[in-house]
Amino acid sequence: MDFVITINSHVHTPLHRQVYEELRQAILSGRLAPGQKLPSTRSLAQSLSISRATVTQGYEQLLSEGYLETTIGSGTFVCRQLPDDLLQTPPIESTSQVTNSPISLSAYGVSLTERSLFRLPEPEAQISFSYGRPAFDKFPLHVWRQLLSRHCRVNTDVLDYTNNSMGDQRLREAIAAYLSRSRAVKCSAEQIIIIDGSQQGLDLITRLLINRGDWIAVEDPGYLGARRAFLANGARLFPVSVDESGLLVTNLTTDITPKIKLIYVTPSHQFPTGALLSLPRRLELLAWAHKSEAIIIEDDYDSEYRYGQRPIPALQGLDHRNSVIYVGTFSKVLFPALRLGYLVLPHTLVDVFTRAKWLADRQSSLLEQHALTDFINEGHLERHIRRMRSLYDQRRQTLVKSLAAHFGDKVTIIGENAGMHLMVKINTTLSDQEIVQGAAHLGVGINAAHSYYLKTSPGSEFVLGYAELNEQKIQDGIDRLAQIILNS
Ligand SMILES: Cc1ncc(COP(=O)(O)O)c(C=O)c1O
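Since we're looking at a predicted model, the values are computed, not measured. Each residue is numbered by its place in its chain's sequence as written, counting from 1. It should be noted that, the model being predicted, local features are given only for residues of pLDDT at least 70 and side-chain atom pairs only at 80 or more, the latter also being counted only at that level, while totals for whole chains, interfaces and linings use all residues. No hydrogens and no water enter the side-chain calculation; it runs on all heavy atoms of the structure.

## Regarding the site of the ligand
Moving on, step 1. Any residue with a non-hydrogen atom lying within 4 Å of a molecule or strand is treated as near it. Taken together, 13 residues sit near the ligand, with Ser198, Asp299, Thr329, Ser331 and Arg339 positioned nearest.
Moving on, step 2. Here a polar contact is recorded for every N or O atom pair within 3.5 Å, except that within protein the pair must consist of a potential hydrogen donor and a potential acceptor, and residues adjacent in sequence are included only if both atoms are side-chain atoms. In the environment of the ligand, an oxygen atom lies 2.7 Å from a nitrogen or oxygen atom belonging to the side chain of Ser331.
Moving on, step 3. Compared with its free state, where it exposes 400 Å², the ligand has 92% of that area covered by protein.
Moving on, step 4. Under the grouping applied here, Gly and all other residues not named as nonpolar or charged are polar, the nonpolar ones being Ala, Val, Leu, Ile, Met, Phe, Trp, Tyr, Cys and Pro and the charged ones Asp, Glu, Lys and Arg. For the shell around the ligand, the per-class residue count stands at five nonpolar, five polar and three charged. Areas reported as accessible are Shrake-Rupley estimates using a 1.4 Å probe. Residue values count occlusion only from the protein chains shown.

Okay, here's the thing in structure tokens:
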């Protein structure tokens, strides 16, 4: 039996006394339960690198006080009938006591206690229009399983630390080639770092480029995951409004614009409005970033899904001045629990990001990296994306038709030509809360868009994710939503 106790040879308390105290505490706190067998004196002495006589002395003291009992031939056990007064251990602290504990938090820790940084759990719903979840049942799990087992079989290196925190070289090459083909991103494998999903990328970017009090410009409305990572690291946020052509770049050049260090954008599919940043605005944004020495974070989270329109090249591919950090993720095209994504960095930043990744978590899981490399190189990724694009397109059309059929001119649909969600503006006298709660009551989960705004939200806007829902569920869900809104 392995049992860990702490012995310190540099203090005055004799070692046998320390053995006695540690075991006594373990019994009183319940760590060693009544009837539980103790390690033999020989094995405990060996594991603590002390003499067996010292351990025996400690055991004997506990035996004489009734904490332990021996059975000849079987060993030493915690006494089965410990007197109750011995077992009066202090109660485990309640959560509120923990919160009020005098342990002082860092500035980062304190920022996480801010309510605005909490992630509120989404209620379970029979039909959930929650955004960002792919069609899990269509993922080719059998292929994935084969690839994982292939790499488990041939290669014990997948169990080891790697010398390269940037990520597996073959995976980075596969991603560089894929990005160049499909997104017109200009990069080599040497500029790519594998990360645990875009969230880790956003966290590393903020920690490496932002000092407390620096300004980051963000789209308004915008993605909460990014905003929270920025705020938690002490940044100040400068909201920039968006319209149907994406970020209003002219709002970055007003008299009240502070010195912006970073700007976070989702140009292929603005979150949550779905707007596509137009080419003139892209060029305007790059020119502004160059002039103001700001870095652009391009979050290209679901750009693979574009319906009936030509894909727009990434901002990164238009940049000639190393102003863009491109953030990509496999959470949408594959599945979020994979926790794999990538950063495409200007050459000058690669080294420091590699060191930060090493400090953060050493490396992303090697087994998954190898499986993913084969998944890309053997054509499964692009095949899966093609299939999902067509499936999501059908689901999107079903949603648009259902909304139009039920709500007519009471609904305006925004940003339906891309991604895995769309936004609706509903003409209603009900409050957002009444609608969300009413929908939940009928088993439908929807998100009101007001929490994505930093400035005042216009209200009555909702984000509807559809990728995970089959057509029947989509129709059913909109039918129930209409009952609440139209019957009010
Ligand atoms: C705008 C945006 N970026 C990125 C992500 C994905 O984050 P991750 O790669 O950490 O799963 C999401 C998820 O919904 C998102 O909405």
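Don't stop here, the text continues.
## Focus: the side chain of Asp168
Moving on, step 1. Put simply, DSSP H or I for four residues or longer makes a helix, DSSP E for two residues or longer makes a strand, and each gets a number counted from the N terminus. Locating Asp168 in the fold gives a position in the loop between α6 (141–154) and α7 (169–183).
Moving on, step 2. Note on contacts: a residue pair is in contact if any heavy atoms of the two residues lie within 4.5 Å. When near neighbours in sequence (up to four residues on either side) are disregarded, Asp168 contacts Ile194, Gln369, His370 and Thr373.

## Overview of the packing of aromatic side chains
Moving on, step 1. Only Phe, Tyr and Trp rings are paired, with Trp represented by its six-membered ring, and only when their centres lie within 6.5 Å; those with planes under 30 degrees apart are stacked, over 60 edge-to-face, the remainder tilted. Going through the model one piece at a time under the given rule, you end up with 14 aromatic pairs.
Moving on, step 2. Judged by centre distance (5.0 Å) and plane angle (70°), the ring pair of Tyr305 and Tyr392 falls under edge-to-face. A residue pair is termed long-range when its members are at least 10 positions apart, and Tyr305 in the loop between β9 (295–299) and α11 (315–318) and Tyr392 in helix α14 (residues 380–407) qualify at 87 residues. The same class applies to Tyr305 and to Tyr392, which are both buried. With a 1.4 Å probe rolled over the protein chains alone, any residue whose accessible area is under 20% of its type maximum counts as buried; one over 50% counts as exposed, and the rest are partly exposed.

## As for helix α15 (residues 432–441)
Moving on, step 1. Listing the buried residues of α15 in full gives Asp432, Ile435, Gly438 and Ala439. All buried residues of α15 fall inside an arc of 140° around its axis, so they share one side. Residues Gln433 and His441 are exposed on α15 and point more than 90 degrees away from its buried face.
Moving on, step 2. On the buried face of α15, the contacting elements are β14 (444–445), β15 (447–448), β16 (461–465) and α16 (471–486). Arc, as used here, means the arc of the directions from the helix axis to the C-beta atoms.

## Details of the confidence of the model for the chain
Moving on, step 1. When the pLDDT values of the chain are averaged, the result is 91; 95% of them are 70 or greater.
Moving on, step 2. On a scale of 0 to 100, pLDDT captures the predictor's confidence in every residue. Low pLDDT (under 50) marks residues 91–98, which in the prediction has one contact with non-local residues, meaning those over four places away or in another chain.

## Here we look at the nonpolar core
Moving on, step 1. Counting residues in each nonpolar core, the largest one holds 63 residues, and the members touching the most others are Phe129, Phe330, Leu334, Tyr342 and Tyr392.
Moving on, step 2. Top contributing element to this core by residue count: α14, with eight residues.
Moving on, step 3. Bear in mind that the domain bounds are from an automatic or database domain assignment. When residues of this core are sorted by domain, at least three fall in each of domain 2 (127–132 + 384–486) and domain 3 (142–379).
Moving on, step 4. Those residues within four positions of Tyr342 in sequence are excluded, and the remaining contacts are Ile175, Tyr178, Leu179, Ile192, Ile193, Ile194, Ile195, Tyr326, Val327, Gly328, Thr329 and Phe330. For our purposes a nonpolar core is just a set of buried Ala, Val, Leu, Ile, Met, Phe, Trp, Tyr and Cys residues, chained together by side-chain atoms within 4.5 Å.

## Here we look at the sheet that holds β16
Moving on, step 1. DSSP calls a pair of strands paired once it identifies at least 2 bridges connecting them. One open sheet holds the four strands; their spatial order is β12-β13-β16-β15, and the pairing between them is antiparallel. Where the open sheet ends on each side, the last strands, each with one partner, are β12 (411–414) and β15.
Moving on, step 2. Bridge count between β12 and strand β13 (residues 421–426): four bridges; the pairing is antiparallel. Residue pairing for β13: Ile414 is matched across the bridge by Met423.

## What about the packing of helix α8 (residues 198–209) against helix α9 (residues 224–232)?
Moving on, step 1. Whenever a helix is involved, its axis is fitted only over the stretch in contact; in every case the axis is a line through C-alpha atoms, and angles between N-to-C directions fall within 0 to 180 degrees. Between α8 and α9, the shortest axis-to-axis distance is 9 Å and the interhelical angle comes to 30°. Viewed along their axes, α8 and α9 adopt a mutual orientation that is roughly parallel. Like other packed secondary-structure pairs, α8 and α9 cross with a definite hand, here right-handed. Within the contact between the two elements, α8 uses Gln199, Leu202 and Thr206 and α9 uses Gly225, Ala226, Ala229 and Phe230.
Moving on, step 2. Of the residues in the contact of α8 with α9, the class split is four nonpolar, three polar and no charged. In what follows, roughly perpendicular refers to angles from 65 to 115 degrees, roughly parallel to angles under 35, roughly antiparallel to angles over 145, and oblique to any angle outside these ranges. Two helices cross in a left-handed way if the nearer one is turned anticlockwise from the farther one by less than a right angle. They cross in a right-handed way if the turn is clockwise.

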